[in-house]
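Below are the chains, spelled out letter by letter.
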Amino acid sequence: MSRAKLFKEELELDEVLEKQQELQSRLREFERNQKEIERTRAERECTMPPLDEIEARQKSRQHEQTVTRGQVANVRRDQNQGLLLLVLLIAATGTLIWWGLQLMQGN
């Protein structure tokens, strides 16, 4: 009976030692992670934030990548059509004013 009791106590002792080693390894890992966090925080504090110009360039690049050439051609065509319509309206308005002046003069 005493032999079984000793054997059981030895098993319990081995389990306690294993858990202790596991806890120590976790503690070392925790300390490593803590140091890594402190290092990255210090590095982040020492790094200058990006300038507004850099952000503008990145937005411009992203916009250029998303817009295709076909979309650019469509926008230009629409703008040219709008410009042509504006010129025609100005010409029509000028013609109507000229015609009205001619009628007022009695010619």
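Only a predicted model underlies this, so the values are computations on that prediction, with no experimental measurement involved. (Residues numbered from 1 in each chain as written. Predicted model: local features only at pLDDT ≥ 70, side-chain atom pairs only at ≥ 80, totals over all residues. Heavy atoms only, no water.)

S.K.: Could you clarify how one ought to interpret the overall build of the chain in this entry?
M.R.: Helices and strands together make up the secondary structure of the chain, namely three helices and zero strands. Secondary structure of the chain in N-to-C order comes out as α-α-α. A globule of 107 residues ought to have a C-alpha radius of gyration of about 13 Å, yet the chain, at 41 Å, is considerably larger. The C-alpha extent of the chain, read off along each of the three principal axes, is 135 × 35 × 25 Å. Considering the chain as a whole, with its 107 residues, one finds that 0% of them fall into the buried category. (Helix = DSSP H or I, 4+ residues; strand = E, 2+ residues; numbered from the N terminus. Rg over C-alpha atoms; globule rule 2.2 N^0.38 Å. Buried < 20%, exposed > 50% of the residue type's maximum accessible area, 1.4 Å probe, protein only.)

S.K.: In this structure, what is going on with helix α3 (residues 69-105)? I would like to understand it.
M.R.: One turn of the α-helix equals 3.6 residues, which is why residues spaced by three or four share an orientation. Over its 37 residues, α3 extends 54 Å from the first C-alpha to the last, a length consistent with the 54 Å expected when each residue adds 1.5 Å. Gly106 sits one or two residues past α3 and shows a positive phi near 90°. (Expected span 1.5 Å × (residues − 1).)

S.K.: I tried to follow a nonpolar patch on the surface on my own but got confused; where do I start?
M.R.: A surface patch of nonpolar side chains, about 380 Å² in accessible area, is lined by Leu83, Leu86, Val87 and Ile90. Relative to the elements of secondary structure, Ile90 occurs in helix α3. Among the residues examined, Ile90 registers a relative accessible area of 56% and is labelled exposed. (Patch = residues over 30% accessible without salt bridge, like charges linked within 9 Å, V, L, I, M, F, W, Y side chains within 5 Å. Areas by Shrake-Rupley, 256 points an atom, 1.4 Å probe, with all protein chains shown as cover. Salt bridge = Lys/Arg side-chain N within 4 Å of Asp/Glu carboxyl O.)

S.K.: What exactly am I supposed to notice about the pattern of salt bridges here?
M.R.: This model, assessed by the stated rule, comprises four salt bridges. Taking the shortest distance from any N to any O, the salt bridge between Arg57 and Glu53 comes out at 2.5 Å. With Arg57 and Glu53 both in helix α2 (residues 52-66) and four residues apart, this pair spans about one turn of that helix. Assessed through its relative accessible area of 48%, Arg57 is described here as partly exposed. One network of salt bridges, with partners in common, ties together Glu36, Arg39 and Glu43.

S.K.: For this particular structure, what's the right way to read the environment of Glu64?
M.R.: For Glu64, the location among the structural elements is in helix α2. Assessed through its relative accessible area of 54%, Glu64 is described here as exposed.

S.K.: Looking at this structure, I do not really get the confidence of the model for the chain. What am I missing?
M.R.: Atomic detail in the predicted coordinates should be set aside for any region of low pLDDT. Across the chain, pLDDT averages 87, with 93% of residues at or above 70. The least confident element of the chain, judged by mean pLDDT, is α2 at 83; the most confident is α3 at 92. (pLDDT = per-residue confidence, 0-100.)

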